[in-house]
Structure formats: C-alpha cells, structure tokens
Amino acid sequence: MGSNGNQKDHGLVLSEFASYRKIADALSTYEDSRYVIFGVPFDYTSSFRRGSSRGPQEVRRAYDNLESYDVFYDVDFTKTAMCDIGDLYVTEDPDDTVDSVEQVVSIIRSDGKIPIMIGGEHSITGGSIRNYRDHGMIIIDAHSDFRYEYMGHKNNHACATRRSLEVLGEGKIFSFGTRSTSIEEFQDPDYKKVNFLRSETIHRDGIQEVYRSVESKLPDKMYFSIDMDGIDPAFAPGVGTPEPYGLKDTDVRYLIRKVSKKTYGFDVLEFTPDFDNGNTAMLAAKLIQDFVGSRESKIKF
Ligand code: MN
Ligand code: MN
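In this convention, every chain numbers its residues from 1, walking through the sequence in written order. Just so you know, chain letters begin at A and ligand numbers begin at 1, following the order they were written in. Local features in this predicted model are restricted to residues whose pLDDT is 70 or higher, and side-chain atom pairs enter the listing and the counts only when it is 80 or higher, whereas totals over whole chains, interfaces and linings include all residues. Excluding hydrogens and water, the side-chain figures rest on all heavy atoms present in the structure.

### Here's the deal with the overall build of the protein
Piece 1. Each helix and strand counted, the protein has 10 helices and 10 strands in total.
Piece 2. By the compact-globule yardstick of 19 Å for 301 residues, the protein fits well, its C-alpha radius of gyration being 19 Å.
Piece 3. Evaluated residue by residue, the protein yields a buried proportion of 54% over its 301 residues.
Piece 4. Taking as baseline every contact in the protein between residues at least 6 positions apart, the subset at least 24 positions apart corresponds to 78%.
Piece 5. Only carbon and sulfur atoms are counted for the fraction: they give 49% of the accessible area of the protein, which is about 13700 Å². Helix numbers and strand numbers start at the N terminus; a helix is a DSSP run of H or I with at least 4 residues, a strand a run of E with at least 2. All radius of gyration figures rest on C-alpha atoms, and the globule criterion is 2.2 Å times the number of residues raised to 0.38. Relative accessibility under 20% of the residue-type maximum defines a buried residue, over 50% an exposed one, and the middle range a partly exposed one, all with a 1.4 Å probe and only protein chains included. Two residues qualify as a contact provided that any one of their heavy atoms is within 4.5 Å of a heavy atom in the partner residue. Each accessible area is a Shrake-Rupley result for a 1.4 Å probe, and residues are judged covered by the shown protein chains and nothing else.

Next comes the structure, spelled out in structure tokens:
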C-alpha cells in the first residue's frame, strides 16, 4: 500500500488476476456461504491407476463450461451462497489426510454449513463421515470397499464403506451400483450390515423401483458419497479402477434429486483426469450442480 492515500487492498486486487482456480459460481465469502467446496488432492492408496489428486482442479476447470442458471431447477448458482476454499494440504500419509478431512468438515459443520468435497480417492470419506454419526449414507460405487484393511492401510480407498459402517452402524448405508466384491468381503459376517444395491438389480428393475424399495429405510439426515466408478465407464471413463456394467449418469442424478434436501454432506471422488476424455470431469462438475440445484430448488420434482 502506498502513501498516496490509495487504501486499496492490493492483495484482493491481485487475487482477481492471479487467484487459484475456484468453482466459477462459488462467489460467496465463507461467512455468508451455505455450501463450502474444497478439494482433497490425495491418491496415495489408489491401487490401479493413480492421478485422482489432480481431480479437484480439473473439476473446477470443467465447471467453467456450465451455465450458472439451471432451467430445470430454476436456480441461479451465483446466488446459492457457495464458496470454494481451495485444496487442503495433504501429505502421503493416509491417516493424517483422513484426520485433516475430519477436522475441516467438523469446522464447516459447526458453522452450520454443508461441505462439498472433491477428491481425490475414496479413503477421505472415512474422515468426513466421522462428523455424521447420526446420519444415513448413500454411496455410489462399483466396489464394495469393504476390506478391513488393504495394502497395509486401514484408510485405503478399498476400505471406505467398512470405515463408514464403523461410524454409522448397521442398516444406515445404502451403496448403489455394486458389481465388484472379493469373496472375503462377500463372506464377511458384517457385509449384510450394509445395503448393497447391485448394478444388475438396478439394470433389471430400474433406479426408481430400487430406490422405492429402500426409501422408507433412509434416515432423516443423509451423507452422499459418489465414487465416480459407480457410473458406467461409458459415461465416466476417467477413474482409477474402472468396472464395466455400471449405473447411468441419470440414475445417479435421480438419487441426488430424491435425497438432496435431507443431505448435509456431499463428496465426488475417484475422478482420474489422465484417463478421461473430458466426460468424467464434466459429469463430476454437473453432479455438484445437481446437488446444489435440487437442494435449492422450489420446484416439485
Ligand atoms: Mn470407492
Ligand atoms: Mn470404486
């Protein structure tokens, strides 16, 4: 600041030229926000194709392509009080990373706001969910993620559902799109404590019917976790562990619309830009809009 009476905050001015990339509609300050977006660039335990650590920045880039208004929801996203606090600092230690996710979500929750986490790999949900003990959970995932530990880590992305069960307890988790499960997971006596809704069943009966079969069992408050590999590789090729015969993009949108108004935490994970053709990034960005748009919408649908 100079001594010429110009009291402009140059930090603020410069940040408009050189700021880190944010979700384009995240125009709110933290204080005024209802939704707090952050990235977790962590992929250390990914078992097949690494690179989801670059997911958050690529989702933000893709988001630039979306309109700020959604005609279906009649929602202007520039007015939805979103803020984007950037990416968390992470180390290569999964336990540290999961702990810092827990802390960040705890702070956001204590301010009455809704966190939207962009991954990064699925292990980080294990930190977030510790703040949702009295909630139910919807997971979108090709995999059961039910190993007790994997490659020497309890906070491995192959253990995300298992860690969530330890927090939430029996009958509160609904995992849609399951089609990859090891025999050890399947024979685990605790496996039945999670409602795994198989991709095959959703193909056969349709998402509406499968959702209807569990709707009355959903708790009043929910957490929603999207592992992008739950969606078919035709729609979402850019993931770390792709698995054929998945859900349609609109199946996931249907579930988001059904539960968003009672959802208090949301994550979009496992997007791996190196293997993308652009579609996965766009879809991940759009799913965030679908969450906020359907939650804010006054339209009945
Ligand atoms: Mn997963
Ligand atoms: Mn998965």
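### Overview of the coordination of the manganese ion (ligand 1)
Piece 1. Around the manganese ion (ligand 1), the protein contributes the donor atoms His122 (ND1), Asp141 (OD), Asp145 (OD) and Asp227 (OD), which lie 2.1 to 2.2 Å from the metal centre.
Piece 2. As a rule, N, O and S atoms within 2.8 Å of a metal are its donors, except that Na, K and Ca use 3.2 Å; water is not among the atoms, so sites may look incomplete. For the manganese ion (ligand 1), all donor residues lie on one chain, and their spacing in sequence is H-x18-D-x3-D-x81-D.
Piece 3. Judged by relative accessible area, which is 6%, aspartate 145 ranks as buried.

### Quick word on the pattern of salt bridges
Piece 1. In what follows, salt bridge is the name for a side-chain nitrogen of Lys or Arg lying within 4 Å of a carboxyl oxygen of Asp or Glu. Evaluation of the coordinates by the stated rule reveals 18 salt bridges.
Piece 2. We note a salt bridge from arginine 54 to aspartate 274, for which the minimum N-O separation is 2.4 Å. With a gap of 220 residues between them, arginine 54 in the loop between β1 (35-40) and α2 (55-63) and aspartate 274 in the loop between β10 (263-269) and α10 (279-296) connect regions that are remote in the sequence.
Piece 3. Using a relative accessible area of 52% as the deciding quantity, one classes aspartate 274 as exposed.
Piece 4. Taking the shortest distance from any N to any O, the salt bridge between aspartate 134 and lysine 221 comes out at 3.1 Å. Of the two residues, aspartate 134 is situated in the loop between α4 (125-128) and β6 (136-140) and lysine 221 in the loop between α8 (207-214) and β9 (222-227); the sequence distance between them amounts to 87 residues.
Piece 5. Lysine 221 sits in the partly exposed class, given a relative accessible area of 32%.

### Observations regarding the environment of aspartate 76
Piece 1. Residue placement: aspartate 76 occurs in strand β3 (residues 75-76).
Piece 2. Separated by 220 residues in sequence, aspartate 76 and glutamate 296 place their C-alpha atoms 9.5 Å apart.
Piece 3. Beyond its immediate sequence surroundings of up to four residues, aspartate 76 is in contact with Ser68 and Tyr69.
Piece 4. As used in this structure description, the phrase polar contact means that two N or O atoms lie within 3.5 Å; if the pair is within protein, one of them must be able to donate a hydrogen and the other to accept it, and residues adjacent in sequence are counted only when both atoms belong to side chains. Within the structure, aspartate 76 has its side chain in polar contact with the side chain of threonine 78 (distance 2.6 Å).

### Examining the coordination of the manganese ion (ligand 2)
Piece 1. For the manganese ion (ligand 2), every protein donor is listed as Asp141 (OD), His143 (ND1), Asp227 (OD), Asp229 (OD) and Asp229 (OD), and the spread of their distances is 2.1 to 2.4 Å.
Piece 2. The sequence motif formed by the donor residues of the manganese ion (ligand 2) is D-x1-H-x83-D-x1-D.
Piece 3. In this structure aspartate 227 comes out as buried when scored by relative accessible area, which is 2%.
Piece 4. Relative accessible area serves as the criterion here: at 2%, aspartate 229 is assigned to the buried category.

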